[in-house]
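Here's the letter readout for the chains.
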Amino acid sequence: MGNKQGKSPNTKGKKYKIDNDVVKQLQESTNFDKVEAKKLYEVFFDLSNGGKEPLNRERFKEGLTKLESCGLKNLDNSPFGDRLFDLLDTNKDNTVDLQEFISGLSILCKGTAEEKLELSFKAYDLDGNGYITKSELSQMFQQAWISGFKALSYQTNEEVNKDDLNNFSEEMAQIFADGAFSSLDVNGDGKLSFNEFKQFAMSHPKITATLNGSKRDVPITFD
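Worth saying up front: this structure is predicted, and the values here are computed from it rather than measured.

With respect to the packing of aromatic side chains
- Inspection of the entire model under this criterion finds 13 aromatic pairs.
- Look at Tyr41 and Phe45: their rings are 4.7 Å apart centre to centre, the planes differ by 65°, and that puts the pair in the edge-to-face class. Of this pair, Tyr41 and Phe45 both sit in helix H2 (residues 34–47), separated by four residues, roughly a single helical turn.
- Residue Tyr41 is classed as buried on the basis of its relative accessible area of 4%.
- Residues Phe60 and Phe85 carry aromatic rings whose centres are separated by 5.6 Å and whose planes lie at 70° to one another, so their mutual orientation is edge-to-face. Taken together, the residues Phe60 in helix H3 (residues 57–64) and Phe85 in helix H4 (residues 81–88) connect sequence positions 25 residues apart. Of the two residues, Phe60 and Phe85, neither departs from the other in class, the shared state being buried.
- Ring pairing ties together the aromatic residues Phe121, Tyr124, Phe141, Trp145, Phe176, Phe194, Phe197 and Phe200, which thus form one cluster.

Regarding the UniProt feature "domain: EF-hand" (unreviewed entry) in the chain
- Taking the numbering used here, the UniProt-annotated feature "domain: EF-hand" (unreviewed entry) corresponds to residues 76–111, 112–147 and 172–207.
- Taken end to end, residues 112–147 comprises 72% helix and 6% strand; its first and last C-alpha atoms sit 25 Å apart.

So, the pairing of strand E3 (residues 206–211)
- With burial as the criterion, only one face of E3 is covered, namely that bearing Ile207, Ala209 and Leu211; the residues Lys206, Thr208 and Thr210 on the opposite face remain uncovered.
- Bridge count between E3 and strand E4 (residues 214–219): six bridges; the pairing is antiparallel. Considered in E4, the bridge of Ile207 is made with Val218.
- Where E3 hands over to E4, the hairpin turn is made up of two residues, of which Asn212 adopts a positive phi near 50°.

Calculation rules
- Residues numbered from 1 in each chain as written.
- Predicted model: local features only at pLDDT ≥ 70, side-chain atom pairs only at ≥ 80, totals over all residues.
- Heavy atoms only, no water.
- Phe/Tyr/Trp six-rings, centres within 6.5 Å; stacked < 30°, edge-to-face > 60°.
- Helix = DSSP H or I, 4+ residues; strand = E, 2+ residues; numbered from the N terminus.
- Buried < 20%, exposed > 50% of the residue type's maximum accessible area, 1.4 Å probe, protein only.
- UniProt positions renumbered as here; feature names shortened; annotations may be inferred.
- Pairing = 2+ DSSP bridges.

Structural data, given as C-alpha cells:
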C-alpha cells in the first residue's frame, strides 16, 4: 500500500483544500487543540501529495523536522527517530497515514507520563515480545549517544569520525546497559518487564555527550 514512493513531491505553489470536519475530528480524538491539529494536518498534506499517499519512512522523518513550526517539540533529533516510524505504523503496512501520524504525535507531544512510558518501552522492545533484553537496551543507548554527538557536531561545526563515533557509542552503551540491568532486573531473568523498565524511566535517565568542551544531554525515554 503505497510503500514504493519516490522523493517527496514538490508541493510549492500547490493549494490543498483543508477539510475542517476532519480537523475537528482529529482535534476531538487527540490531545491537540484546533490550531495544532490544523497545522499538523497541513504538514501531512504537504508531504502526502494532498493526502493522496500515506507517508513512507523518508517523508515521515521530513515531517518530524516541521513540528517546531507547529509549536511542538522537535522529535527529529530524538534517539528514537528511526523507531518512531515503526511505532506509529500501527497496522504495519510500512506507511503512516493521517490518523496514525496525528494520533502518534499526540502521545509523543502531549500525552500523559504513563502513555509516554508505554511508548518508550515499546521503542526499546525491538522484537515486540513484551520484554527488553540487555542487547535491546544497549542498542537504544547507542542511538542516544550517536544522536547526541551528531547534534554537537552540527552545533560546533566539528566533524566526528563515523567509525570512532560508532565504536565509542557501542562501548559506552554496553557499559550503561550492564549497569542498568544489574540494578533493574530484580528477578534476574535476563529481561526487563514494563514495571522494571518503569522504575528506570521514572528516574529521568539521560546520557551526556561531550565534544571538545561542549555538552549535550540526551533523554533516553520520551519526556
